[in-house]
Amino acid sequence: MKQESDTVFSLAQRQIEAIVIGASAGGLQALSVLLVGLPKNFPLPIVVVIHMPEGKDSKLAEIFRARLEIDVKEADEKEPLHPGTLYFASPGYHLLIEQDRTLSLSREERVHFSRPSIDVLFESAADVFGEHLCGVLLTGANEDGAAGLRAIHRSGGMTIVQDPAEALVPTMPEAALKLFTPDFVLPVRDINTLLVELEQNNA
Amino acid sequence: MCPDRTLDIELRLLIEGIYLKYSYDFRDYSGASLKRRVLHALSKFECETISELQARVLHDSQLFSELLQFLTIPVSEMFRDPTYYLAIREHVVPVLKTYPSLKIWIAGCSTGEEVYSMAILFKEEGLLDRTLIYATDINPQSLDRARRGVFPLERVRTYTQSYQQAGGKSSFSDYYTAAYDGALFDKALMTNVTFADHSLATDMVFSETQFISCRNVLIYFNKSLQNRAFGLFHESLCHRGFLGLGSKESLDFSAYAGHFEPVVKKERLFRRL
Ligand SMILES: C[S@@+](CC[C@H](N)C(=O)[O-])C[C@H]1O[C@@H](n2cnc3c(N)ncnc32)[C@H](O)[C@@H]1O
């Protein structure tokens, strides 16, 4: 496994243009640690799928807006991705990224019992950004996201899996590790350091 | 390494081929979801490439009908987003009651769940007898299922809850009989319903209406096709007629933003100016 400083180097080399994150059970907590301290002028858009019960309004954007400096919103249909903005998928809809780097929604069948599904976001993002994408898979109790993260890996993107040893529910990270070897397996705190340093590196 | 764009070329050729051969126009649909569904179909039809699928689809109209099931997303629910129906009861029905007769249009009705929900609501509000309902879609198989009005029993429990949350005034079980293969809904609800094949992408307006509900269809269209659809709705709706969209759909950035005013913003209910 590579060291963290290599990671930053590698991130800078690759010119990452977007970050996608997937999480399920235990995800809120992990995500809070992951995103803390990202500066307002963070140069990348971040798109997040967290599994939530359908049929309820999501409070995610509200919760995180209060905690973070970057802009936070629920993803709207057809909106263009902006740097320094965190987008949450809405419950009940898959979230996809289009070739023109706008967001789109879909109400097709659930994938791994989930809508939004992490696989759907990751696969569409991999198709758009190729090697310029960073995918992060966090704690969760099902297998959604594993195939999607592998798709990012296959199109040359950077892949990071939360260390199952510290994940609240390790099923999801473990499912990914079973499928392929990601670039990094790290505790959330280190993933955070990495993202923050990446920004400083770019400045 | 750059993502392979060959797939995108093949996808475009397939969609163009379908348009030329079958007159179904998917050229202005959002690409990411369309691609996903076509790739899904590839494995179902055991094709190695989209090009192979294209060749088969062009020569086999039966295969095209099967592919259409992948392309059209025939997924629906009764009283989906109950608060939408509640808002219709509160804000749309009182105005509709002032008309002696009504025509409403449910565009992209899929397998009919939305039509039955609306018919039940209109019946409870005393409007059903004077209302003509046009329910349209481009998927003939979905329209057939809608006409049959049989829905899976295992979903009825969820529908019952949603019906109640939507302000249902009686008992949901009054509207169906449980048969061995599902819940068969009361045919009387469908007396004034016309199911018809109509595409928002290629067809014209067919009638004046007072209320249009078009939910979770426009999310699959690109901006220009969305504008075409809004144009049809604008033309069909009478002065001050109502338009209801899906919970994540919006008129805001469309060419028709200035031609409608929000009635209940959160429920995506609008009124034609
Ligand atoms: C996800 S379903 C929505 C069903 C229902 N309105 C609901 O919200 O539950 C989308 C429907 O739109 C239909 N559709 C797709 N393209 C269309 C077009 N160009 N014109 C009319 N309907 C279309 C599909 O066949 C499908 O039945």
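Residues numbered from 1 in each chain as written. Chains lettered and ligands numbered in written order. Predicted model: local features only at pLDDT ≥ 70, side-chain atom pairs only at ≥ 80, totals over all residues. Heavy atoms only, no water.

Focus: the UniProt feature "active site" (unreviewed entry) in chain A
Residue and element names in this part refer to chain A.
So, step 1. Feature annotation in UniProt places "active site" (unreviewed entry) on Ser24, His51 and Asp144, given in this structure's numbering. Look at the named residues: they lie 121 residues apart in sequence, but the longest C-alpha span between them is just 9.6 Å, so in the fold they bunch up.
So, step 2. Those residues within four positions of Ser24 in sequence are excluded, and the remaining contacts are His51, Thr139, Gly140, Ala141 and Met172.
So, step 3. Tracing the backbone shows Asp144 in the loop between β7 (133-137) and α5 (146-154).
So, step 4. For Asp144, the side chain forms a polar contact with the side chain of His51, separated by 2.8 Å. (UniProt positions renumbered as here; feature names shortened; annotations may be inferred. Contact = heavy atoms within 4.5 Å. Helix = DSSP H or I, 4+ residues; strand = E, 2+ residues; numbered from the N terminus. Polar contact = N/O pair within 3.5 Å; in protein donor to acceptor, adjacent residues only side chain to side chain.)

Brief notes about the site of the ligand
All names here are of chain B.
So, step 1. Looking at the ligand, there are 20 residues lining it, with Tyr29, Ser76, Glu114, Asp137 and Leu200 nearest.
So, step 2. Between the ligand and Ser76 there is a distance of 2.6 Å, counted from an oxygen atom to a side-chain nitrogen or oxygen.
So, step 3. Arg215 is positioned with one of its backbone polar atoms (N or O) 3.0 Å from a nitrogen atom of the ligand.
So, step 4. The class makeup of the residues in the shell around the ligand is eight nonpolar, eight polar and four charged. (Near = heavy atom within 4 Å. Nonpolar A, V, L, I, M, F, W, Y, C, P; charged D, E, K, R; others polar.)

Considerations on the packing of helix α2 (residues 31-44) of chain B against helix α4 (residues 61-71) of chain B
Residue and element names in this part refer to chain B.
So, step 1. Orientation of α2 relative to α4, taken along the N-to-C sense of each, is 135°, at an axis distance of 9 Å. The orientation of α2 with respect to α4, classified from their angle, is oblique. With respect to the hand of their crossing, α2 and α4 are arranged in right-handed fashion. Two secondary-structure elements touch here, α2 through Leu34, Arg37, Val38, His40, Ala41 and Lys44 and α4 through Leu67, Phe70 and Leu71.
So, step 2. Looking at side-chain class alone, the contact of α2 with α4 contains six nonpolar, one polar and two charged residues. (Axes fitted to C-alpha atoms, helices over the stretch in contact; angles between N-to-C directions. Parallel < 35°, antiparallel > 145°, perpendicular 65-115°, else oblique. Left-handed = near helix turned anticlockwise from the far one by under 90°.)

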